[in-house]
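Per-entry structural report
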Amino acid sequence: MEYKIVLIKVEKRTSSASEVQKILTDYGSNIRVRLGLHDCVDNNNCSSCGLIFLEICGDEAVIGKMIDALNVLKGISVKYLKI
């Protein structure tokens, strides 16, 4: 079995979260698992950077379109892995 994994590094969560969320919603039928991670600076503050882990499925062309849409956003880095 092959796993398709997309890692999304978000540099400024507060300014780009809504755009990332819209794209992920548009491709929601291709997302099996979604996990968001960010560091807590202290008990009251969270880091502005974050990581989103996706296990995805579906046609490679559709996955490519999702990745392209994310890569256009400022402060977003995307890596696609097949394991």
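In the block above lies the structure referred to throughout.
Attention here is on the structure that accompanies the text. Quantities reported herein were computed from a predicted structural model and do not represent experimental measurements.

Counting through the fold element by element, Lys-4 comes out in strand E1 (residues 4-10). Here the side chain of Lys-4 touches Gly-58 through a polar contact of 3.0 Å, landing on its backbone oxygen. In contact with Lys-4, other than residues within four places in its own chain, are Leu-54, Glu-55, Ile-56, Gly-58, Glu-60, Ile-63, Tyr-80, Leu-81 and Lys-82.

Further remarks concern a nonpolar patch on the surface. Together, Met-1, Tyr-3, Leu-81 and Ile-83 line one region of the surface with nonpolar side chains, adding up to about 470 Å² of accessible area. Its place among the elements puts Tyr-3 in the segment before E1.

Parameters and conventions
Residues numbered from 1 in each chain as written. Predicted model: local features only at pLDDT ≥ 70, side-chain atom pairs only at ≥ 80, totals over all residues. Heavy atoms only, no water. Helix = DSSP H or I, 4+ residues; strand = E, 2+ residues; numbered from the N terminus. Polar contact = N/O pair within 3.5 Å; in protein donor to acceptor, adjacent residues only side chain to side chain. Contact = heavy atoms within 4.5 Å. Patch = residues over 30% accessible without salt bridge, like charges linked within 9 Å, V, L, I, M, F, W, Y side chains within 5 Å. Areas by Shrake-Rupley, 256 points an atom, 1.4 Å probe, with all protein chains shown as cover. Salt bridge = Lys/Arg side-chain N within 4 Å of Asp/Glu carboxyl O.

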